[in-house]
Protein chains: 2
Amino acid sequence: MEAKKGNIFSPNSLGQNVNPDLDIERKNISFSIEHLTNILDGGANNTKLRREVEAVLDADPEFSQENRYFQSQNERYESAVRKTVYLLQKMTKMGWIEDGPEQNYCFKYLTDDLAFSIHLIFIKSILALGTDEQINKWIPLAKKIFIIGTYAQTELGHGSNLRGLETTATFDVATQEFILNTPTFSAMKWWPGDLGRTATHAVVFAQLYLKGHCYGMHPFIVQIRSLRDHSPGQGITLGDIGPKMGFENIDNGFLILKNVRVPRENMLAKFSQVLPDGQYKKQGSEKINYLTMIVVRVNMLQSSIIPCLMKACTIAIRYSVVRRQSELKPGDPEAKILDYQTQQQKLFPQLATAYAFHFICNYLLDIFHRCYNQTQEGKFDLLPELHALAAGIKVITTEYCSAGVEVCRRACGGHGYSLLSGLPSIYMKVVPSCTYEGENTLPFISEALFLIKCYGMAQMGQPLPSSVAYFSSVNFGKCQAQEKKDFLNPDIYTDAYKHRAFRLVFIKNAVMKLQQLVQAGKTQHEAWNQCTVQLTRAAMAHSHYIVVQKFAEELRNHAKESATRRVLKNLCDLFALHGIFSNAGDFMQDAYFSTEQIDRVTETYLDLLAVIRRDAVPLVDAFDFSDASLNSALGSYDGLVYQRLYEWAKKSPTNHQVRRINGIAVAIALALRLV
Amino acid sequence: MEAKKGNIFSPNSLGQNVNPDLDIERKNISFSIEHLTNILDGGANNTKLRREVEAVLDADPEFSQENRYFQSQNERYESAVRKTVYLLQKMTKMGWIEDGPEQNYCFKYLTDDLAFSIHLIFIKSILALGTDEQINKWIPLAKKIFIIGTYAQTELGHGSNLRGLETTATFDVATQEFILNTPTFSAMKWWPGDLGRTATHAVVFAQLYLKGHCYGMHPFIVQIRSLRDHSPGQGITLGDIGPKMGFENIDNGFLILKNVRVPRENMLAKFSQVLPDGQYKKQGSEKINYLTMIVVRVNMLQSSIIPCLMKACTIAIRYSVVRRQSELKPGDPEAKILDYQTQQQKLFPQLATAYAFHFICNYLLDIFHRCYNQTQEGKFDLLPELHALAAGIKVITTEYCSAGVEVCRRACGGHGYSLLSGLPSIYMKVVPSCTYEGENTLPFISEALFLIKCYGMAQMGQPLPSSVAYFSSVNFGKCQAQEKKDFLNPDIYTDAYKHRAFRLVFIKNAVMKLQQLVQAGKTQHEAWNQCTVQLTRAAMAHSHYIVVQKFAEELRNHAKESATRRVLKNLCDLFALHGIFSNAGDFMQDAYFSTEQIDRVTETYLDLLAVIRRDAVPLVDAFDFSDASLNSALGSYDGLVYQRLYEWAKKSPTNHQVRRINGIAVAIALALRLV
């Protein structure tokens, strides 16, 4: 079956053929793609089930994403609402149960095209923060979508510092109601999804005031729109916050409350309640909740953020074997751009990163389950470590995935700017993850706090949590590797990352500087502020070490001589060596690596690019994205890049308004002749 | 005049007041903002003229950008056409002559809202490539916009490698015509601006065929649309390429030619012509043209790319003194986020970068003028150096500006994702510059070629171009700086950059590796490919050195004790030390810097952040952008951030379609109750 370079005079060229330049990459593959896919899915059964679900969705024209890139913000929103409603009906029809695996596959598959995502958070927050009575009252209404909810926490003037929220809820003993108010401009709720046009109810976070005294932030259920005609309630001003970078399917909104009254029972009261006489009562521990928030965050990384990088790699690597440009050897045909070292150096580290982060999420989920089992016995020992690890991994994953997607997009040259490539949308989806769920500087600082605390424990000879056990080492000496092959030893590079993290946490760069500044007369908070840049570097180095270490450990799960292990080891080596190559200064401190060793690392890293080149297409095929889910003219399985770009461009509304525009252009031309 | 925190119950809060948190930053300024503005404008007269032009444009409601963020691609295009036509009329009315300074200020000021930008390239290309006869025929038509032109070079399958273009132009002696064809899918013209809907004519680049022999790429004027009704000509298929990331005001298009005939006179024939009998004749030197292309590129950097970073810095820094979040000191009011070291570390290096690149463009323009004067005497000695420098500076400027804009955007937290912040649009405008005018890998490789050639010259003891004169040094030894203050000596850090570049060019990393690979039996082109990653690093290091060196030289233009020099020196120091801090490994090679010295650099760099903090707002005020030109709810001069976000969001079409959407939401809710 020989596919020919598309001829423009046979327009129906999108047939069964595969571009031969892509096809040949799939000959004589050195490992089992299917086996790798199964590993990524967590087992062959999962792969099977996922494919069944995706096949059902692909076969249903209601879920077509064909026009997505041509739609306005309004159209995207309306389409998302329509698809979500249809999906809920479909899932019922298919017998896919609530919170079952099929449902998760659906949500993951259709992620960018659904609405009501914050409605789910609304439900989760009631389940987490409400009493049994409140759960019994609200959850059935919400699940049947008699009411649609949003989660109104962030304000115009406050995001990360929840204590700074300004919305107030004052208890009125006489009427047994809370009176909610937005006292200033900056206090209006801003950003909540599903709020702009959809939600009828909101969990509103507000400072609780009882008899003039503030008791801090608490959650209140507030009806914001009529169930009859969807008009805003008394004292409520709300709307959409307008155009954004990405998230066009979601109606982020604003909400102003002016003397809005809700009954006493509307304060979610699992952990604290207000008695009828206005007394405040705290009860229970929120720690278990906290654990739930962590697992939500890790699931988000694995089901929504890392797949962005996997998709971008799939698109860019497939495109790079179809695109030919210039000659590598004079007189030869133009070369595939993936054969250029500079292109490999852009894309392969991203590919390795996608695999590395996939495995680190598995590790975090493992700790989560251990931690969860402990809490069932009333023990919370693992919680601080899990919290710190999850914070650090959230940051490094979102930073690397965002940067990596943009590298992939730019590696596609001009066509990477076309929305039809799929890449701009992926970037707009991934990069906000650096900001939401905690702007990345803050989780790093919270991880750094944990590291510093562990430093103190190490000093006092106390036992350390396992992820920081290396803190009790006193001296790492120097790297012993000499030859290039030594640097392909995971023990060698894992130790190097350990040394780097250790040094950045302790020596000069964080703990010691903090102590020196305080000794020199700075106040604790001044000293802290002057160390935060170095503390965030330390947190990054520690997280980076954990990712390398766990990737190396994952290799042990595979038979020593297996092909799967070989390709995974190549990726692990590449991830680790690329990190050293890109941050050489950190590794050369205290002469841990000499100049000669760093030169050797660079050579070994560059040599690896050529090794991975052979497996590059199979390695992205293993991610197993359907064409519909990639929705990319550059990245489809068949590699018919140029034909698809042309076919899709012709559908653009910009071409259907031509007649009118022509009229304008002619009118202008005529007008100008009169100038 | 005390401005109060906005009260939502007085909606017209956008008055004369300035947010007091911003206002206080402008008290007791340590230098003259106006003087710095004059320096950036190239003299007080320029500042005056620029402001006069901008005032005229600001006062004219036709140029309002108020609705830009709410417009569709179509609306943006139509608005751009309308504004451009109006601007041309206005310039005539104002007596602002063609190519005069006022016109440049207009184009720079309205850059994102104009159309016909490729029409100007069409004109320039005819002037550069046409004979006097051709110029006399086409230029008056184009200038009066009797015809609208585009520049059709890039194809679907070919961008950077011009020799690979596939479009053909075959001469037919019988009819004295060229027959133009698009032989394959990948050969269709793709991307040219103004082509999608506007242009009537195109300069089409095609492989010239005479009697079956290919003579390479040549330019042909082809009429593509009717002057009467704008319909496509015989054999021509064209349209818009659809939605893109950014550039919504421009109608990038595609063009397919099928046996399109143009007369022999339509080949632009300044440098080569086809005689009536089909003979090919070359004439003249294209070198002078080449020079013009370079100056166009440098002007683009200075007038269009660097201002993106300046605008982003202005928005992010002003916002960061208005936004307050968390306490620095327990019990204090929430702190301005610019007082956090982590925020300073994000923004101040970008501010320093904007200044650094402004000055490097001045330096390039200087060389350009010297080079131009030489060519008038028939000498082209400076051309290779200018070409290499311009290539390298193009890459480093576009890379740093793009990354810097995104850092600024993300430093604004959630609000940086709102289009109303202005920042997403700035990113979409700046980042394509990394791809157009030569995808950044390629100019770097071409710079590296120059560096390697100079290496050979240095080996043979030949005199070197001034920018690479340091190649003749044999040994840089080690950095002699000891104390923190030593690292604020421009000689110290300029030498460090010189050493880094030298090492990356020669030792191991490029030249030597190339030689070794060839000696080890690799072919020249294999060896070259395996060195390209290191060659691009070498090119980056050389360009970085030049930027640091020229910024340091700029300081000498200012009186030693002047306040202007002081603030510029702080920025120069910060730019240089941030570069060392971020690339420490390069500087530690061969132990040029010891671990202790790098630690000292880090401390010095971090201390500088606090020094620049005081001048941060005045330093962005000196960029002198009007509110209209920033078009940012976060960045206006008055700092009324939250009020403006709210006022602007209310105007969003998403809020005017609420009634209909409400209907949909209600219908859905009802439908779901039936599930």
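About the cut-offs
- Residues numbered from 1 in each chain as written.
- Chains lettered and ligands numbered in written order.
- Predicted model: local features only at pLDDT ≥ 70, side-chain atom pairs only at ≥ 80, totals over all residues.
- Heavy atoms only, no water.
- UniProt positions renumbered as here; feature names shortened; annotations may be inferred.
- Pairing = 2+ DSSP bridges.
- Helix = DSSP H or I, 4+ residues; strand = E, 2+ residues; numbered from the N terminus.
- Contact = heavy atoms within 4.5 Å.
- Buried area = accessible area lost by both parts, 1.4 Å probe.
- Salt bridge = Lys/Arg side-chain N within 4 Å of Asp/Glu carboxyl O.
- Polar contact = N/O pair within 3.5 Å; in protein donor to acceptor, adjacent residues only side chain to side chain.
- Nonpolar A, V, L, I, M, F, W, Y, C, P; charged D, E, K, R; others polar.
- Buried < 20%, exposed > 50% of the residue type's maximum accessible area, 1.4 Å probe, protein only.
- Phe/Tyr/Trp six-rings, centres within 6.5 Å; stacked < 30°, edge-to-face > 60°.
- Disulfide = S-S within 2.5 Å.
- Least-squares fit on C-alpha atoms with pLDDT ≥ 70 in both.
- Expected span 1.5 Å × (residues − 1).
- Bend = angle between axes of the 7 residues up to and from the residue.
- pLDDT = per-residue confidence, 0-100.
- Core = buried A, V, L, I, M, F, W, Y, C linked by side-chain atoms within 4.5 Å.
- Axes fitted to C-alpha atoms, helices over the stretch in contact; angles between N-to-C directions.
- Parallel < 35°, antiparallel > 145°, perpendicular 65-115°, else oblique.

As named in an unreviewed UniProt entry, chain A is Acyl-coenzyme A oxidase, taken from Naja naja. Entered under Sequence similarities (unreviewed entry) in the UniProt record, the comment concerning chain A runs "Belongs to the acyl-CoA oxidase family."

K.L.:
Is there a simple way to explain the sheet that holds strand E4 (residues 189-190) of chain B in this structure?
P.N.:
Picture the strands of a sheet paired through backbone hydrogen bonds; they go either parallel or antiparallel. All names here are of chain B. Spatially, the three strands line up as an open sheet ordered E4-E8-E7, and their pairing is antiparallel. Each of the sheet's edge strands pairs with one partner strand only, and the pair in question is E4 and strand E7 (236-240). As paired elements, E7 and strand E8 (residues 253-257) share five bridges and run antiparallel to each other. Paired with Ile236 across the strands is Leu257, a residue of E8.

K.L.:
Help me understand the interface of chain B and chain A in this model?
P.N.:
Interface size, as often reported, equals the accessible area lost upon joining of the parts. The partner chain A presents 136 residues to the 137 residues of chain B that form the contact. Of the roughly 11,400 Å² buried between chain B and chain A on both sides combined, carbon and sulfur atoms contribute 61%. On inspection of chain B and its partner chain A, the count reaches six salt bridges. Taken together, chain B and chain A are joined by 45 residue pairs in polar contact (both at pLDDT 80 or more). Taken together, the residues that form the side of chain B that touches chain A break down as 54 nonpolar, 48 polar and 35 charged.

K.L.:
Would you mind showing me how to read the UniProt feature "active site" (unreviewed entry) in chain A here?
P.N.:
Residues and elements named next belong to chain A. Taken from the UniProt record, the annotation "active site" (unreviewed entry) applies to Glu437. By the element assignment, Glu437 lies in the loop between helix H11 (423-430) and helix H12 (441-459). Classification of Glu437 by relative accessible area gives partly exposed; the value is 36%. The residues touching Glu437, leaving out its near neighbours within four places in the chain, are Arg297, Met300 and Lys394.

K.L.:
Where do I start with the UniProt feature "binding site: FAD" (unreviewed entry) in chain A in this structure?
P.N.:
Residues and elements named next belong to chain A. The UniProt feature table records "binding site: FAD" (unreviewed entry) at Thr154 and Gly193. For this annotated set, covering 40 residues, all C-alpha atoms fall within 10.6 Å of each other, a compact arrangement in space. Secondary-structure assignment places Thr154 in the loop between strand E1 (149-152) and strand E2 (168-172). Each residue touching Thr154, except ones within four places of it in the same chain, is listed here: Gly159, Met188, Lys189, Trp190, Trp191 and Pro192. As for its position among the elements, Gly193 is in the loop between strand E4 (189-190) and strand E5 (201-210). Overall, Gly193 belongs to the buried group, its relative accessible area being 5%. With residues near it in sequence (within four places) discarded, Gly193 still touches Ile118, Thr150, Ile250, Asp251 and Asn252.

K.L.:
I keep staring at the packing of aromatic side chains and nothing clicks. Help me out?
P.N.:
Given two aromatic rings, one states the distance between the centres and the angle between the planes to describe the pair. Scanning the model with the defined rule gives 45 aromatic pairs over all chains in all. Judged by centre distance (5.3 Å) and plane angle (90 degrees), the ring pair of Phe254 of chain A and Tyr646 of chain B falls under edge-to-face. With Phe254 of chain A in strand E8 (residues 253-257) and Tyr646 of chain B in helix H20 (residues 641-650), this residue pair bridges two chains. Classification of Phe254 of chain A as buried rests on a relative accessible area of 3%. Judged by its relative accessible area of 9%, Tyr646 of chain B is buried. Taken together, a centroid distance of 5.5 Å and an interplanar angle of 40 degrees make the contact between Phe359 of chain B and Phe551 of chain B tilted.

K.L.:
So what exactly am I meant to see when it comes to unusual backbone geometry here?
P.N.:
Both trends apply: most residues other than glycine have a negative phi, and most peptide bonds are in trans. With phi around 55 degrees, Phe247 of chain A is a residue other than glycine that occupies positive phi space. Position of Phe247 of chain A among the secondary structure elements: in the loop between strand E7 (236-240) and E8. Given a relative accessible area of 30%, Phe247 of chain A falls into the partly exposed group. With a phi close to 60 degrees, Phe116 of chain B is a non-glycine residue in the positive phi region. Relative to the helices and strands, Phe116 of chain B is located in the loop between helix H5 (101-110) and helix H6 (117-129).

K.L.:
Sorry if this is basic, but what is going on with the sheet that holds E8 of chain A here?
P.N.:
Ordered in space as E4-E8-E7 (chain A), the three strands form an open sheet in which the pairing is antiparallel. Each end of this open sheet is capped by a strand with a single partner; those strands are E4 and E7 of chain A.

K.L.:
Help me understand the pairing of strand E9 (residues 260-263) of chain B, please; the structure alone is not making it clear to me.
P.N.:
Successive side chains on a regular strand alternate, one facing one side of the sheet and the next facing the other. All names here are of chain B. Alternating residues of E9 divide into Val260 and Val262, all buried, and Arg261 and Pro263, none buried. Note: strand E3 (residues 177-181) against E9, four bridges, orientation antiparallel. Within E9, the position partnered with Glu177 by the bridge is Pro263.

K.L.:
What exactly am I supposed to notice about the pattern of salt bridges here?
P.N.:
Opposite charge on two side chains permits them to pair, given that their charged atoms come into close proximity. As enumerated under the stated definition, the model contains 86 salt bridges over all chains in all. The salt bridge partner of Arg50 of chain A is Asp41 of chain A, with a shortest N-O separation of 2.9 Å. You'll find Arg50 of chain A and Asp41 of chain A in the same group, each marked buried. Two residues, Asp21 of chain B and Arg324 of chain B, come together in a salt bridge whose shortest N-O distance is 2.8 Å.

K.L.:
I tried to follow the state of the cysteines on my own but got confused; where do I start?
P.N.:
Simply put, the disulfide is a covalent bond whose two ends are the sulfur atoms of two cysteines. Applying the stated criterion across every chain yields a total of zero disulfides over all chains. The thiol of Cys313 of chain A is unpaired, and the distance to the nearest cysteine sulfur, on Cys408 of chain A, comes to 4.1 Å. The thiol sulfur of Cys308 of chain B is not disulfide-bonded, and the nearest other cysteine sulfur, from Cys401 of chain B, lies at 7.6 Å. Overall, the relative accessible area of 4% leaves Cys308 of chain B in the buried class.

K.L.:
When you look at the relation of the copies chain B and chain A in this model, what are you seeing that I'm missing?
P.N.:
Superposition of the two copies of the chain requires a rotation about an axis and a shift along the axis. Rotating chain B by 180 degrees and moving it 0.0 Å along the rotation axis overlays it on chain A with an RMSD of 0.0 Å. Each copy turns onto its partner about a two-fold axis. Considering only C-alpha atoms, the part of chain B nearest the rotation axis is Gly585 of chain B, at 1.7 Å. Interface overlap between copies: 99% of the residues of chain B at the interface are likewise at the interface in chain A, consistent with a symmetric, same-surface contact.

K.L.:
Please clarify how the side chain of Asp172 of chain A should be interpreted in this entry.
P.N.:
Residue and element names in this part refer to chain A. Mapped onto the secondary structure, Asp172 falls in strand E2. On the basis of relative accessible area, Asp172 is assigned to the buried category, the value being 18%. The contact partners of Asp172, leaving out residues within four places of it in the chain, are Glu177, Ile179 and Arg261.

K.L.:
I'm lost on helix H15 (residues 524-555) of chain B in this one. Help?
P.N.:
Structural remark: α-helix, 3.6 residues per turn; residues separated by three or four positions point the same way. Residue and element names in this part refer to chain B. Between its first and last C-alpha atoms H15 spans 44 Å; for 32 residues at 1.5 Å apiece the expected length is 46 Å, and the two agree. At Thr532, H15 shows its largest bend, some 55 degrees. Counting buried positions along H15 yields 25 of 32 residues, so the element is predominantly enclosed.

K.L.:
Which parts of the structure should I look at to understand helix H16 (residues 563-582) of chain A?
P.N.:
Counted at 1.5 Å a residue, the expected span for H16 of chain A with its 20 residues is 28 Å, and the 28 Å between its end C-alpha atoms agrees. Most of H16 of chain A is tucked away: 15 of the 20 residues are buried.

K.L.:
Mind showing me how you'd approach the confidence of the model for chain A here?
P.N.:
As a note on interpretation, predicted positions should not be read in detail where pLDDT is low. When the pLDDT values of chain A are averaged, the result is 91; 94% of them are 70 or greater. Predicted complex, confidence summary: ipTM 0.95, pTM 0.96.

K.L.:
How should I be thinking about the pairing of E5 of chain A in this particular structure?
P.N.:
Residues and elements named next belong to chain A. With nine of its ten residues buried, E5 lies for the most part within the structure. Judged from the nine bridges that link them, E5 and strand E6 (residues 213-223) form a sheet pairing that is antiparallel. Bridging from a neighbouring strand, Val203 pairs with Ile221 of E6. Hairpin connection of E5 to E6: two residues between the antiparallel strands, including Lys211 at a positive phi of 50 degrees.

K.L.:
Is there a simple way to explain the nonpolar core in this structure?
P.N.:
Membership of the largest hydrophobic core comes to 316 residues, with the highest contact counts inside it found for Tyr355, Phe471 and Phe593 of chain A together with Tyr355, Phe471 and Phe593 of chain B. Among all residues touching Tyr355 of chain A, those that are not within four sequence positions of it are Leu36, Leu40, Phe551, Leu568, Leu571, Leu619, Ala622 and Phe623 of chain A.

K.L.:
Any chance you could explain the packing of helix H9 (residues 341-376) of chain A against helix H18 (residues 595-613) of chain A here in plain terms?
P.N.:
The description of two helices packed together rests on the angle between their axes and the distance between the axes. Residues and elements named next belong to chain A. At a closest axis distance of 10 Å, the pairing of H9 and H18 adopts a crossing angle of 80 degrees. Here H9 is positioned roughly perpendicular relative to H18, judged by the angle of their axes. Residues Gln341, Gln344, Gln345, Phe348, Pro349 and Leu351 of H9 form the contact with H18, whose own contacting residues are Tyr605, Leu606, Leu609, Ala610, Ile612 and Arg613. Along the lines of polarity and charge, the residues of the contact of H9 with H18 split into eight nonpolar, three polar and one charged.

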